[in-house]
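Coordinate analysis (summary)
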Amino acid sequence: MPTDPRGLRGDAPLLDAWLRFGERPPTPFTIPGHKQRTDLVGDVVAGDVPLYAGLDTMKLSTGVLTEAEGRAARLWGADFCRFSTGGATHANQAVALAVAGDGDRVVVSRTLHRSLLLGLVLAGLTPVWVRPEVDPGTGLPLGVAPATVRRALAANPGVRAVFVGDPSYVGTVGDIAGLADAAHEFGVPLVVDAAWAAHFGFHPALPRHPLQLGADVMVTSAHKTLPAWSQAALVLARTGRVDAARLDAGIEATATTSPAGAVLASTDAARALLERDGHALLGDAVAVTREARAVLRDVEGLYVLDGPAVDPLKLTLLLFGTGADGNLVEQDLLAAGLPIESADRDVLVAVVSLADTPESLGRLTTALAGSVRRHRGAPRPVIGPAAYRVEPVASMPPRQAFFAAAETVPIGRAVGRVCAELVAPYPPGIPILAPGEQITAEALAALDQARLAGVRIAYAADPSLGTLRVTRS
């Protein structure tokens, strides 16, 4: 029987509709085809209630989705909110369609996820790339400097928007207020992919969220740091510099016409929980993560990322000083039933959320500390992830390259050619090569470095990187 352990349904209309569906199950002659039976393929479909003819009527006559999105807009201080069942990937691409037109230029941080790069292809936008500052002590990104964005805007009149990703995948937090000021000085909106920041702004120990700092659009993933189903995300906007109707049209153009009601209901429930109990739950999570950092700092040579410009709920560990191989540490953690978000030879990333407990963090820190000590070796020099260092060399707009006639060439003959595909170490999914960029020896060396560190090379047609797809000469 569906349950509501914290009594959230009175403040969560989609959750209430999902619960009511389970309390009085109909005999549907609609999709989905499992018809709510779990005796065919099993419990894998349990709880799968559609939005249409599920949470609402086929005509959406009760308006529960609109009501839920309105409540989320009020909580985040936005004029506009839409829920997504396609994750931040869908949300980023919808925003790309909304803020500019075919052939327009936009300033884009190179640390953004591949979803935005493909959003540029969909919308026909030409990127003006900016890079984050990189901490030489860790090799990790610190955020794009406002001065960098100002220079890019001054050198490129007619730019329509600024896109950045913040916080970074490793948890570092940039100067969003400064970036908003820079964008607004040139009359353009600041769009922030804050996929990892759904919890920001709801406890004084956490950074404020982008809309609180002046951003115009914020994309965030409810499933990353809040207790929502996978693929749950939100687009939130202040509409002074963004056309709400165009943003709505971009979302509809790229969304499924069969949205999963359970994903939507979980987004609504997570919002209600954050609004009512978030301060207490997040405070507890911050406290136990602080204790975990203290334990891990006692491991000789282990660097634990911390400080005022770091998400308190992201545990990022650098192994250079220990000599341990993070891939071996990851194997130990998997064997112990403790998978983490990311692991390569040098960097480990663990995500903590308000669902964690002192017991779960205690198990993780004990296992991490023990594994690092077992695999200790000679210290290595600090070499940060390659994705944060490579300078892209643009040869043609991404959309033109994506649709151009292409051919496959051996990687040894690819230098100097124009890339026709997107190639990125994953995680974090930040491209080293994107459609329309010249393939350089530096880019290939960076990909090789990532592969040797144990990172999966994603999205390329040939995942072994024996060949690359390039535009025909």
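Residues numbered from 1 in each chain as written. Predicted model: local features only at pLDDT ≥ 70, side-chain atom pairs only at ≥ 80, totals over all residues. Heavy atoms only, no water.

1. Observations concerning the overall build of the protein chain
Helices and strands together make up the secondary structure of the protein chain, namely 13 helices and 17 strands. Since a compact globule built from 473 residues should have a radius of gyration of about 23 Å, the 23 Å found for the protein chain is in line with a globular shape. Counting only residues that meet the buried cut, the protein chain has 55% of its 473 residues in that class. Sequence separation of at least 24 residues holds for 69% of the intrachain contacts in the protein chain that already meet a minimum separation of 6. (Helix = DSSP H or I, 4+ residues; strand = E, 2+ residues; numbered from the N terminus. Rg over C-alpha atoms; globule rule 2.2 N^0.38 Å. Buried < 20%, exposed > 50% of the residue type's maximum accessible area, 1.4 Å probe, protein only. Contact = heavy atoms within 4.5 Å.)

2. Concerning the layout of surface pockets
As a volume, the largest pocket reaches approximately 530 Å³. If you trace the largest pocket, you find 26 residues lining it, with His113, Ala195, Trp196, Lys224 and Pro428 closest to the centre. Of all the secondary structure elements, the ones that give two or more residues to the lining of the largest pocket are helix 3 (87–99), helix 4 (114–123) and helix 7 (222–225). With four residues, helix 3 is the single largest residue contributor to the lining of the largest pocket. Tallied by class, the residues present in the lining of the largest pocket amount to ten nonpolar, eleven polar and five charged. (1 Å grid on protein atoms, 1.4 Å probe; cavity = no way out; pocket = protein on both sides within 12 Å on 5 of 7 lines; lining within 4 Å. Points joined across faces, edges and corners; volume = space filled by probe spheres on them. Nonpolar A, V, L, I, M, F, W, Y, C, P; charged D, E, K, R; others polar.)

3. A word on the environment of Gly283
As for its position among the elements, Gly283 is in helix 9 (residues 261–297). Distance in space between the C-alpha atoms of Gly283 and His203 is 6.8 Å, their sequence separation being 80 residues. The residues touching Gly283, leaving out its near neighbours within four places in the chain, are His203 and Gly278.

4. Observations concerning the pairing of strand 9 (residues 233–237)
Of all five residues in strand 9, five are buried, a share of seventy percent or more. Where strand 1 (residues 80–84) and strand 9 come together, five bridges link them in antiparallel fashion. Each residue of the ladder has a partner; that of Phe80, found in strand 9, is Ala237. Pairing geometry for strand 8 (residues 217–221) and strand 9, over five bridges, is antiparallel. (Pairing = 2+ DSSP bridges.)

5. Observations concerning helix 13 (residues 441–452)
Compared with an ideal rise of 1.5 Å per residue, which puts twelve residues at 16 Å, helix 13 spans 16 Å between its outermost C-alpha atoms and is within 8% of the ideal. For helix 13, the full list of buried residues reads Ala443, Leu444, Ala446, Leu447 and Ala450. The buried residues of helix 13 occupy one face: seen down the axis, they fall within an arc of 160°. In helix 13, the exposed positions that point more than 90 degrees away from the buried face belong to Ala441 and Leu452. Directly beyond the C-terminal end of helix 13, a positive phi value near 95° is found at Gly454. (Expected span 1.5 Å × (residues − 1). Arc of directions from axis to C-beta.)

6. Focus: the sheet that holds strand 10 (residues 303–304)
Pairing is antiparallel in the open sheet, where four strands are placed in the order 10-11-13-12. In this open sheet, the two edge strands, each paired with only one partner strand, are strand 10 and strand 12 (342–343). Examined bridge by bridge, strand 12 and strand 13 (residues 347–351) share two bridges and lie antiparallel to one another. Looking across to strand 13, one finds that Ser342 is bridged to Val349.

7. Considering the sheet that holds strand 1
The strand order 1-9-8-7-6-2-3 describes an open sheet built from seven strands, whose pairing is mixed. Lying at the two open borders of the sheet, with one neighbouring strand each, are strand 1 and strand 3 (126–130). Taken pair by pair, the neighbouring strands of this sheet meet at an average axis angle of 20°, ignoring direction. Along the sheet, helix 5 (residues 146–155) makes contact with strand 2 (105–109), strand 3 and strand 6 (162–165), crossing strand 3 at roughly 145°. (Axes fitted to C-alpha atoms, helices over the stretch in contact; angles between N-to-C directions.)

8. Here we look at unusual backbone geometry
For the bond from Asp166 to Pro167, the omega torsion is 5°, close enough to zero to count as cis. On the secondary structure map, Pro167 appears in the loop between strand 6 and helix 6 (176–185). With an omega of -10°, the peptide bond between Tyr426 and Pro427 qualifies as cis. Position of Pro427 among the secondary structure elements: in the loop between strand 15 (424–426) and helix 13. At Gln36, a residue that is not glycine, the phi angle is positive and equals roughly 70°. Here Gln36 lies in the loop between helix 1 (13–23) and helix 2 (64–76). Taking the relative accessible area as the measure of exposure, Gln36 reaches 27% and is therefore partly exposed. Positive phi is not limited to glycine here, since Gln231 has a value of about 80°. Within the fold, Gln231 resides in the loop between helix 7 and strand 9. Using a relative accessible area of 46% as the deciding quantity, one classes Gln231 as partly exposed.

Limitation: the analysis is restricted to geometry and does not speak to function.
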